[in-house]
Amino acid sequence: MSAAILGTEDVTSSDMISHLPDDLLLGILSLVPISEAMNASLLSKRWISLWKMMPVLEYVENSCPNMTSHGFLEFCRRSLRLHEATVLKTLTIKLKKQSVSLILPSCFPETVFKKLVVLKLHTIFCLEFDVSPPVCFRSLKSLHIAHVWFRYEESLCRLISSCPVLEDLLINEVRLRGRQRLEITNSPSLKYLKIKDFSGDIIFTEDMPNLVEATLKVDQRPKDFLRFLTSVEFLSIPLHAKEVLILADKISQRLLHLDLCIYGKVPRNVLLHLLKHSPKLQVLKLQEIDHYLTIEPTTLDPPPSVCNPSSVPECLSFHLRTFQWICYGGTLEEKEIVRYILRNARCLKTAAIYAYSRDRRCRRKERLMMKELKSMPKASTSCKLVTPRHYY
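None of these values were measured; they are calculated from a predicted model.

### Concerning the overall build of the protein
Helix and strand content of the protein: 11 helices and 16 strands. Here the analysis covers contacts within the protein between residues at least 6 apart in sequence; of these, 61% occur between residues at least 24 apart. By element, 53% of the accessible surface of the protein is carried by carbon and sulfur atoms, the whole surface being about 20,000 Å².

See below:
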């Protein structure tokens, strides 16, 4: 019976996928770990060497359950030697939590250093960076390190300093054996910096004139870090209340997004002083966490020059779209701050105020705070006021 009578297509039609352009096939292969991409070479002659030209390589140890950890690293080493693409856009290495030690750069062929653009190291139990002979990632622009334990303190510093054109640096949940000290050198080209869950000292030895985005979620903010914010557009940082004035003087006039975790209480005039120095600000997020400080909250007496602005800050009149306050306690000063922003932010789309009471049993106080917030006048008729009870 013919296919037309059956109403189905001819199942013996040619392989349509194999006739797709190389760029499209390489894009498909880049979506899976390299071990699976190499298995595709068994399909036909068309696929035999295709994986060698992949611009994105992802080595995930869990994708090779039949290999030992030593065997997986040997697989990484051998397959990288066979890679033939002139540019390696992204190389990802993700090991098991209790895998063997990884020593860079000995696991890579020398050719990888010359063409690698993005390096991602994830879940590595023990990593060591050996610099004899000296190694230089001349093309590396992005370095992401997450859930990695370094065998030696200086290994991380050496790895970063070997990337002279680095633009994007992410360090998340990294541990160093010995003294927890992270020194970042050779970073004038750095544009995007994210450091999360690092409990030691962070030291920058050079200026970062091109820094556009900075996120620091750490126990100790780097000393003198505020001086690097002359060009930043996105900033998320913990500060003590007394440092808000310093931030206002150092902040970039191009700042669009500001996320502040403040230790202590910031007076109304100081916050408005900060807004006055952020004329393009579109997103403002505040969190005051004085209720669980391990040290005494810092008191702040602003100098006479810091007073309520005679005119509404430009960002409130023309740019602010999102306002968020976590751990809002409903004090007189806090109410005045929220009332001022709502009354003057003419372009505001969302205002999220998360009420907090020291006494978890005092739900009535929280309900009264939320009721009071909803009754405040708003300059923006399209503003949506969100008042959930908690933010956890």
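### Considering the packing of aromatic side chains
Counting across every chain of the model gives 10 aromatic pairs. Note on W325 and Y328: the rings are 5.5 Å apart at their centroids and 80° apart in plane angle, and the pair reads as edge-to-face. Considered together, W325 and Y328 belong to a single accessibility category, that of buried residues. Ring-pair connections join several aromatic residues into one group, and the members of that group are F108, F113, F129 and F137. Here the basic side chain of R346 rests over the ring of F318, its NZ or CZ set 5.2 Å away from the ring centre.

### Regarding the pattern of salt bridges
Within the structure shown, the criterion is met by 12 salt bridges. R78 is the salt-bridge partner of E74, the closest N and O atoms lying 2.9 Å from each other. Within this pair, E74 and its partner R78 are both found in helix α4 (residues 69–81), separated by four residues, close to a single helical turn. D207 is the salt-bridge partner of R227, the closest N and O atoms lying 2.5 Å from each other.

### Here we look at unusual backbone geometry
If a residue is not glycine, its phi is most likely negative; likewise, a peptide bond is most likely trans. Between L104 and P105 the backbone carries a cis peptide bond, its omega angle lying at 10°. For P105, the position within the fold is in the loop between β3 (102–104) and α5 (110–115). One non-glycine residue, E173, lies in the positive phi region at around 55°. Note on placement: E173 falls in strand β6 (residues 168–176). A residue is classified by how much of its surface remains accessible, and E173, at 27% relative accessible area, is partly exposed. Backbone geometry at C327 places phi at a positive 65°, although glycine is not the residue there. Tracing the sequence through the fold places C327 in strand β14 (residues 322–328). Looking at C327, the relative accessible area reads 13%, which means it is buried.

### Some details on the confidence of the model for the protein
Predicted confidence across the protein gives a mean pLDDT of 83, with 86% of residues reaching 70 or more. Every residue in residues 1–13 is under pLDDT 50, and counting partners more than four places away or in other chains gives four contacts. Here residues 291–300 is a poorly scored stretch, pLDDT under 50, and it has 13 contacts once near neighbours within four places are set aside; other chains count.

### Quick look at the pairing of strand β1 (residues 56–60)
Of the strand pairs in this sheet, β1 and strand β2 (residues 88–94) are connected by five bridges, and their pairing is parallel. Bridged to L57 within β2 is L91. The parallel pair β1 and β2, bridged by α4, forms a crossover whose chirality is right-handed.

Rules of the game
- Residues numbered from 1 in each chain as written.
- Predicted model: local features only at pLDDT ≥ 70, side-chain atom pairs only at ≥ 80, totals over all residues.
- Heavy atoms only, no water.
- Helix = DSSP H or I, 4+ residues; strand = E, 2+ residues; numbered from the N terminus.
- Contact = heavy atoms within 4.5 Å.
- Areas by Shrake-Rupley, 256 points an atom, 1.4 Å probe, with all protein chains shown as cover.
- Phe/Tyr/Trp six-rings, centres within 6.5 Å; stacked < 30°, edge-to-face > 60°.
- Buried < 20%, exposed > 50% of the residue type's maximum accessible area, 1.4 Å probe, protein only.
- Lys NZ or Arg CZ within 6 Å of the ring centre and 35° of its normal.
- Salt bridge = Lys/Arg side-chain N within 4 Å of Asp/Glu carboxyl O.
- pLDDT = per-residue confidence, 0-100.
- Pairing = 2+ DSSP bridges.
- Right-handed = clockwise from strand over helix to strand, strands pointing away.

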